[in-house]
Amino acid sequence: MNILVVGGGGREHALAWKIAASPLCRRLYVAPGNGGTAEWNVPIAAGDIPALTEFALRQKVDLTVIGPEEPLTLGLADALRAENLAVFGPGRLAARLEGSKAFAKEVMAAAGVPAAASRVFTEQAAALAYIDETGAPIVIKADGLAAGKGVIVARTQAEARQAVQSIMGGAFGAAGARILIEECLTGREVSLLCFCDGETARPMVAVQDHKRARDGDEGPNTGGMGVCAPPPFWTPALEAEAMAKVVRPTLLEMKRRGAPFTGTLFVGLMLTADGLRVLEYNVRFGDPETQALMMLLRSDIVPLLAACASGGLNMAAALWRPEAAVCVVMAAPGYPGAYPRDIPITLPREIPEYAAVFHAGTIWREDALLSAGGRVLGVTARGPDLAAARARAYALTEEIGFPGAHFRRDIAR
Ligand code: AMP
Ligand code: GLY
């Protein structure tokens, strides 16, 4: 098969790495890719729908795998399907599960999915009056896509008021014209990603993200500084509960609405004292969750992706290594604030088979590998348990030349 991966982050490098290992993959393309996917790169931006469609037709691409949320919410999958091309990823309507938090809440309510109580506001005055009434802590969320920064967990009413004013005042552009004000939940968070073909869902190993920039969950939120999979508190019973109460009802509801969900449904869960609650849906693979998941997936991924795209996932098995994986993100100094680019990177000459260094923001210039983004590398290893995987991943970070690299020392601790 000719396979096109759309995107250019660590997630896409991990997907390309796994796809390239499949005997079913004849030609692989990554658009636009990064330094880690250089041998497969095509210089087309992930948001350029006409150019990607034209490329897929011209190169006879048999399957397109869409990584990031933007092209999904813009309708890349629909444009490709209109040309009878197979796509892994939801169409624009189903992608609204991530693109609009108000829509997601509507689906959760209709499907009976347990979630935080929440109200939608389009008027600032009404939102502020509601905060005065309910008090804090309380959670304020921009309705639309805000690169993971549109959620503010306000400890005080003053903080909540400020969040409303900032979001509705245009901090996230049109994404903040509508906001949600939500009950503040507490508990452990876990991400469950599932392969979906519109009807059948196959869960992946559960993953725990580390969103804060610094050790001990301090500092600002980021796209994710590292993950471990599976988290020590995750159990088969919790997985069964999440599938029964969240994933399957969501798929049924989307099908009923005429927008069946295909691709990766990623549910952000919180394990509260009152049971499991959904915090959000994402309509794609996570980054850096995917780096750890690809290390653990034993099955060939290509038949799974193809079954999600074309139906028949009930006939395809996803087998996982009975091991643990850890991914440590090495970021540019200053991330998630302002950071320099063009930092020279040197990689270890040999990487053991239980590990991989996935590139997120890198570029080759002449023969030099340079940083080209905030999150630069995802150093990933698996092992018989989390402690072993963690030790292997951190040992590998020691062998990487990356002056000023910023990374957490407590992933999976
Ligand atoms: P989201 O993008 O909706 O997952 O929100 C980002 C982060 O905000 C989550 O990973 C949680 O840590 C936090 N969060 C979101 N919703 C709530 C809530 N209702 N209560 C407490 N924390 C929340
Ligand atoms: N790591 C969180 C996400 O991909 O949304």
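Please refer to the structure placed before this passage.
Quick look at the structure, then. (Residues numbered from 1 in each chain as written. Chains lettered and ligands numbered in written order. Predicted model: local features only at pLDDT ≥ 70, side-chain atom pairs only at ≥ 80, totals over all residues. Heavy atoms only, no water.)

**Topic: the environment of aspartate 132**
Here is the rule we go by: Only DSSP runs of H or I reaching four residues or more are called helices, and only runs of E reaching two or more are called strands; each is numbered from the N terminus. Whether two residues are in contact is decided by their heavy atoms, any of which lying within 4.5 Å being enough. Two N or O atoms form a polar contact when they lie within 3.5 Å of each other; inside protein one atom must be a possible hydrogen donor and the other a possible acceptor, and for residues adjacent in sequence the pair counts only when both atoms belong to side chains.
Here aspartate 132 shows up in helix H7 (residues 124–134). Expressed as a C-alpha distance, the spacing of aspartate 132 and arginine 256, which sit 124 residues apart in the sequence, is 38 Å. For aspartate 132, the residues in contact, after removing those within four places along its chain, are Gln157 and Arg161. Engagement of the side chain of aspartate 132 in a polar contact is seen with the side chain of arginine 161, the distance being 2.9 Å.

**Quick word on the packing of H7 against helix H8 (residues 157–171)**
Applicable threshold: Note on geometry: axes are C-alpha line fits, over the in-contact stretch for helices, and angles between N-to-C directions span 0 to 180 degrees. By the definition adopted for this analysis, an angle is roughly parallel if under 35 degrees, roughly antiparallel if over 145, roughly perpendicular if from 65 to 115, and oblique otherwise. For any helix crossing, the convention is left-handed if the near helix is rotated counterclockwise from the far helix by under a right angle, and right-handed if that rotation is clockwise.
Where H7 meets H8, the closest approach of the two axes is 10 Å, and the angle between their N-to-C directions is 165°. Judged by the inter-axis angle, H7 sits roughly antiparallel to H8. H8 is crossed by H7, and the crossing has right-handed handedness. Between H7 and H8, the residues in contact are Gln124, Ala127, Leu128, Ile131 and Asp132 and Gln157, Ala160, Arg161, Val164, Gln165, Met168 and Gly169, respectively.

**Description of the side chain of threonine 380**
Tracing the backbone shows threonine 380 in strand E21 (residues 375–383). Separated by 3.1 Å, the side chain of threonine 380 and the backbone oxygen of glycine 378 make a polar contact.

**A word on the packing of aromatic side chains**
Short version of the rule: Ring geometry is summarised as follows: Phe, Tyr and Trp rings, the Trp one being its six-membered ring, pair when their centres sit within 6.5 Å, and such pairs are stacked at plane angles under 30 degrees, edge-to-face over 60 and tilted between the two. We count a charge as sitting over a ring when the NZ of a lysine or the CZ of an arginine lies within 6 Å of the ring centre and within 35 degrees of the ring normal.
Scanning all chains against the criterion turns up seven aromatic pairs. Among the aromatic residues, ring-to-ring pairing joins Phe88, Phe195 and Phe285 into one connected group. Across from the ring centre of tyrosine 354, 3.7 Å away, lies the NZ or CZ of arginine 392, which sits over that ring. Over the ring of phenylalanine 407 we find arginine 409, and its NZ or CZ is 3.9 Å from the ring centre.

**Considering the site of ligand 2**
How we decide: The cutoff for a nearby residue is simple: one of its non-hydrogen atoms must lie within 4 Å of the molecule or strand. All accessible-area figures derive from a Shrake-Rupley calculation using a 1.4 Å probe, and residue coverage is judged against the displayed protein chains alone. Asp, Glu, Lys and Arg are counted as charged, while Ala, Val, Leu, Ile, Met, Phe, Trp, Tyr, Cys and Pro are counted as nonpolar; the rest, among them Gly, fall into the polar class.
Close contacts around ligand 2 come from Asp209, Gly223, Phe266, Asn282, Arg284, Gly286, Asp287, Pro288 and Glu289, and that covers them all. Aspartate 287 places a main-chain nitrogen or oxygen 2.9 Å from a nitrogen atom of ligand 2. When the free accessible area of ligand 2 is taken as 200 Å², the share hidden by the protein chains comes to 88%. A breakdown of the residues in the shell around ligand 2 according to their chemical character gives two nonpolar, three polar and four charged.

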